[in-house]
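Coordinate analysis (summary)
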Number of protein chains: 2
Amino acid sequence: MSIMKEALKTFEEHLKLNKMRMTQERRQLFSLVMSLKTHFNSEEVLEKIKKKNLQVSRATVYRVLPVLVKANLIQQSLLQEGQAHFEVKWNKDHHDHLICSVCNKIIEFKDNTIEILQREIATKYGFYLEDHVMELVGKCKTCKKN
Amino acid sequence: MSIMKEALKTFEEHLKLNKMRMTQERRQLFSLVMSLKTHFNSEEVLEKIKKKNLQVSRATVYRVLPVLVKANLIQQSLLQEGQAHFEVKWNKDHHDHLICSVCNKIIEFKDNTIEILQREIATKYGFYLEDHVMELVGKCKTCKKN
DNA sequence: CACCTTATTGAGACTAAATCTCAATAAAAA
DNA sequence: TTTTTATTGAGATTTAGTCTCAATAAGGTG
Ligand SMILES: [Zn+2]
Ligand SMILES: [Zn+2]
Ligand SMILES: [Zn+2]
Ligand SMILES: [Zn+2]
């Protein structure tokens, strides 16, 4: 079976499992999105829909992309979650974050081995490294129990 | 010299260096923000301003926070940059990203050692790890030259 | 197939975060 | 003190995304 048919089957099974229906709009979004070779955002999907004269509304795009994420067919970058957020840097060492997906608790940590590996990766690809984000998301000790 | 005075001096030097002026509003924001012990966002700063009856407008808050970032006094999480962004996951292995801050080129990579270390960190803090972001930001080979 | 229940859709109103506009103000240099 | 020009605040605007609700259409059942 072709990769695309398998993916479609996954989608259909996910829908059935969640008492959701396969619609024209979802089929069209599936085909369009799964054919994309690069990163994309919702507005770009919307533009492609208009270029191809497909009949799918903005609201539906914003509704279906999260379904494709849940079905494990696409992934959403964790970058861009809520509003811009800051912390004082002055006089503080660099650190990265563990974030609880339930209670939003933030734990700061630093792992020197990872920091070194990150620099090696940048070098390997010819990048001059300016900054990085590393955020580990999961359930904290407390929220894991419930 | 106290830590705060040093930080203030850094701020003042940054302003002078960029032909910017020290104002009442900037002084007040500096004090308020530098005293924060945790993560915060722009609206929270605005609320604190109102509670303290300080005279600083929303527009100014949104204008000054990036100045403090440029002066290296606070840092902005790279999480939350522009609009939500996706990529096809089906049939693709997990990977992380190198992003060029000039031309926005995205290079995908995976480092197994880092992946393992991330799981160890989660375990150490009692987290059940669900996901992670690691984005290395810098200047790519091409943009480095210019 | 025809019927019925209910999930889904689209248009446009709405929201939240952030940015922009522009006249009035106030640093700070002369 | 005068002059120059960076900065400010109020509110309009933009952008990304969500919500509402009547109309539609899946798809299960007989
Ligand atoms: Zn780090
Ligand atoms: Zn938690
Ligand atoms: Zn990874
Ligand atoms: Zn580049």
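Scroll up a little and you will see the structure.
First, a word on scope: everything that follows refers to the structure included in this document. Remember, predicted model here, so these are calculated numbers, not experimental data. (Residues numbered from 1 in each chain as written. Chains lettered and ligands numbered in written order. Predicted model: local features only at pLDDT ≥ 70, side-chain atom pairs only at ≥ 80, totals over all residues. Heavy atoms only, no water.)

What about the protein's contact with DNA strand C?
Close to DNA strand C lie 20 residues; A:Arg21, A:Arg26, A:Ser57, A:Thr60 and B:Tyr62 are nearest. Counting only atoms of DNA strand C within 4 Å of the protein, the sugar-phosphate share comes to 69%. A:Arg63 has a polar side-chain atom sitting 2.8 Å from a base nitrogen of DNA strand C. At 3.1 Å, a backbone N or O of B:Met22 approaches a phosphate oxygen of DNA strand C. (Near = heavy atom within 4 Å. Polar contact = N/O pair within 3.5 Å; in protein donor to acceptor, adjacent residues only side chain to side chain.)

Considering the interface of chain B and chain A
Each side of the interface is counted separately: chain B has 71 residues, and chain A has 70 residues. Here chain B packs against chain A, burying approximately 7000 Å² in sum over the two surfaces, 64% of which is carbon and sulfur. Looking at the side of chain B facing chain A, the largest losses of area belong to B:His39, B:Phe86 and B:Trp90, adding up to 13% of the total buried there. Notably, a salt bridge pairs A:Lys139 with B:Glu130, separated by 2.5 Å at the nearest N-O pair. Applying the counting criterion to the chain B and chain A interface returns 18 residue pairs in polar contact (both at pLDDT 80 or more). (Contact = heavy atoms within 4.5 Å. Buried area = accessible area lost by both parts, 1.4 Å probe. Salt bridge = Lys/Arg side-chain N within 4 Å of Asp/Glu carboxyl O.)

Some remarks on the relation of the copies chain B and chain A
The transformation that overlays chain B on chain A combines an axial shift of 0.0 Å with a rotation of 179°, and the residual RMSD is 0.4 Å. Classification of the inter-copy transformation places it as that of a two-fold axis. Taken together, the interface assignments show that 99% of the residues at the interface of chain B recur at the interface of chain A, consistent with an identical surface on both copies. (Least-squares fit on C-alpha atoms with pLDDT ≥ 70 in both.)

Quick notes on a positive patch on the surface
Residues and elements named next belong to chain A. Among the surface-exposed residues, Lys-105, Lys-141, Lys-144 and Lys-145 lie close enough to one another that they form a single positively charged patch. As for its position among the elements, Lys-145 is in helix H6 (residues 141-145). A relative accessible area of 72% places Lys-145 in the exposed class. (Patch = residues over 30% accessible without salt bridge, like charges linked within 9 Å, V, L, I, M, F, W, Y side chains within 5 Å. Areas by Shrake-Rupley, 256 points an atom, 1.4 Å probe, with all protein chains shown as cover. Lys, Arg positive; Asp, Glu negative; His and termini not counted. Charge placed at Lys NZ, Arg CZ, Asp CG, Glu CD. Helix = DSSP H or I, 4+ residues; strand = E, 2+ residues; numbered from the N terminus. Buried < 20%, exposed > 50% of the residue type's maximum accessible area, 1.4 Å probe, protein only.)

Quick word on the packing of aromatic side chains
All names here are of chain A. The full count for this structure, using the stated rule, is two aromatic pairs over all chains. When the ring of Phe-11 is compared with that of Phe-30, the centres are 5.6 Å apart and the planes differ by 10°; the resulting orientation is stacked. Pair noted here: Phe-11 is in helix H1 (residues 3-17) and Phe-30 is in helix H2 (residues 24-34), with a separation of 19 residues, a long-range link. In this pair, the class of Phe-11 matches that of Phe-30, namely buried. (Phe/Tyr/Trp six-rings, centres within 6.5 Å; stacked < 30°, edge-to-face > 60°.)

Topic: the coordination of the zinc ion (ligand 3)
Residues and elements named next belong to chain B. All of the protein donors around the zinc ion (ligand 3) are His-94 (NE2), Asp-96 (OD), Asp-96 (OD), Glu-115 (OE) and His-132 (NE2); their distances to the metal are 1.9 to 2.7 Å. In terms of primary sequence, the donors binding the zinc ion (ligand 3) are separated according to H-x1-D-x18-E-x16-H. Of this pair, Asp-96 sits in strand S4 (residues 96-100) while His-132 sits in strand S6 (residues 128-139); the two residues are 36 residues apart in sequence, bridging distant segments of the chain. Summarising the burial analysis for this pair, Asp-96 and His-132 share the class buried. (Donors = N, O, S within 2.8 Å, 3.2 Å for Na, K, Ca; no water.)

A look at the sheet that holds strand S1 (residues 40-41) of chain B
Across the sheet, which stays open at both edges, the three strands sit in the order S1(B)-S3(A)-S2(B) with antiparallel pairing between neighbours. What marks the edges here is a single partner per strand, and that holds for S1 and strand S2 (74-76) of chain B. The pairing of strand S3 (residues 85-88) of chain A with S1(B) spans two bridges and is antiparallel. By the bridge assignment for S1(B), A:His85 is matched with B:Asn41. Packed on one face of the sheet, helix H4 (residues 58-70) of chain B meets S3 of chain A together with S1 and S2 of chain B and runs near 110° to S2(B). (Pairing = 2+ DSSP bridges. Axes fitted to C-alpha atoms, helices over the stretch in contact; angles between N-to-C directions.)

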